[in-house]
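# Residue-level structural notes
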Amino acid sequence: MTTRQEVNQLCRRRLADQRAPFTFSDLQINQWIHDAIAEYSQLFPRTLYAEFTLQAGQTVVDLSGLSGFQTVLRVEYPLGMQPPRFLQRIARARTAVFNGRPTYDLDWGAPGGWRLYLGLTPKAGEKLGLTYQADHLYPAEDATPLTVPDRHLELIVLFVRMAALQEQLAELGAQSLPAPPLLGIRALNAARARQEYLEALDKARKREGESAIVGW
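Calculation notes
Residues numbered from 1 in each chain as written. Predicted model: local features only at pLDDT ≥ 70, side-chain atom pairs only at ≥ 80, totals over all residues. Heavy atoms only, no water. Helix = DSSP H or I, 4+ residues; strand = E, 2+ residues; numbered from the N terminus. Buried < 20%, exposed > 50% of the residue type's maximum accessible area, 1.4 Å probe, protein only. Polar contact = N/O pair within 3.5 Å; in protein donor to acceptor, adjacent residues only side chain to side chain. Contact = heavy atoms within 4.5 Å. Phe/Tyr/Trp six-rings, centres within 6.5 Å; stacked < 30°, edge-to-face > 60°. Pairing = 2+ DSSP bridges. Axes fitted to C-alpha atoms, helices over the stretch in contact; angles between N-to-C directions. Core = buried A, V, L, I, M, F, W, Y, C linked by side-chain atoms within 4.5 Å.

### Thoughts on the side chain of Arg4
Within the secondary structure, Arg4 sits in helix α1 (residues 4–15). The class for Arg4 is buried, based on a relative accessible area of 10%. There is a polar contact of 3.1 Å between the side chain of Arg4 and the backbone oxygen of Pro139. In this structure, Arg4 is in contact with Asn30, Ile33, His34, Pro139, Ala140, Glu141, Asp142, Thr144 and Leu146, ignoring residues within four places of it in sequence.

Dropping the structure here:
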């Protein structure tokens, strides 16, 4: 996996900003990397798995410990059954078809965060397996690896390049008398960077979609 520092340097090379005095600070570039990860997570979330050991009568599972949780893909309960039993999601307000059945529901239990509700009543020590989607992690240090796969690092770099050129355009536009030719060049560069990012994003989404197709 690639660290934040390595991605930072990739971005600097793409921006031709590798020698002091730098046009963009490390703080700026790292913030744009985090912004890129936030947008990337909405399109390509991580698929993760967690297990919970339940107490007797526990029908509510606290999911607040799952960092960056987005949604549930699959609930297996209880673990160890052959064949495995997967619960069906049904609104728990429909008590007649929810309670006492192999069902689950998901809800935001403020202020505690996301909670999983079970239609069945667990026995002590039974386990639940949860497959879920979550945001990618924001690297806290330069040495922290990104959870974004290397095949998609180009999307992060292109996002940072787009953000940097938009920043330059905004700064120039804020001047009282910006030079018209320079303003036009900056606007064109920012527009091209955005178009390149969107095209790369579209290609990545199509590739991921094709890889998910299973033939007969």
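### Side note on the packing of aromatic side chains
Going through the model one piece at a time under the given rule, you end up with 6 aromatic pairs. A centroid spacing of 5.5 Å and a plane angle of 75° characterise the contact between Phe159 and Tyr197, whose relative ring orientation is edge-to-face. One end of the pair, Phe159, is in helix α4 (residues 153–173); the other, Tyr197, is in helix α5 (residues 180–211), and 38 residues separate them in sequence. Taking relative accessible area as the criterion, Tyr197 reaches 4% and is therefore assigned buried. Taken together, the ring pairs connect Phe69, Trp108, Trp114 and Tyr132 into an aromatic cluster.

### Quick notes on the sheet that holds strand β7 (residues 127–134)
Taking strand neighbours across the sheet as the criterion, the 3 strands line up as β1-β7-β3 in an open arrangement whose pairing is antiparallel. Pairing within the sheet leaves two strands with one partner each, and these edge strands are β1 (46–53) and β3 (69–76). Strand after strand, the sheet turns through a mean of 30° between neighbouring axes, direction not considered. Both β3 and β7 contribute to a ladder of 6 bridges, which runs antiparallel. Its bridge partner being in β7, Thr71 is matched across the sheet by Gln133.

### Some remarks on the nonpolar core
Among the nonpolar cores identified, the biggest contains 30 residues, and Ile33 and Ile156 are the most heavily contacted of them. For this core, the elements supplying multiple residues, two or more each, are α1, α2 (26–43), α4 and α5. Considering every element that reaches this core, the biggest residue donor is α4, with 11 residues. In contact with Ile33, other than residues within four places in its own chain, are Arg4, Val7, Asn8, Leu146, Ile156 and Val160. Ranked by size, the runner-up nonpolar core spans 20 residues in total, among them Leu106, Leu116, Tyr132 and Ala134.

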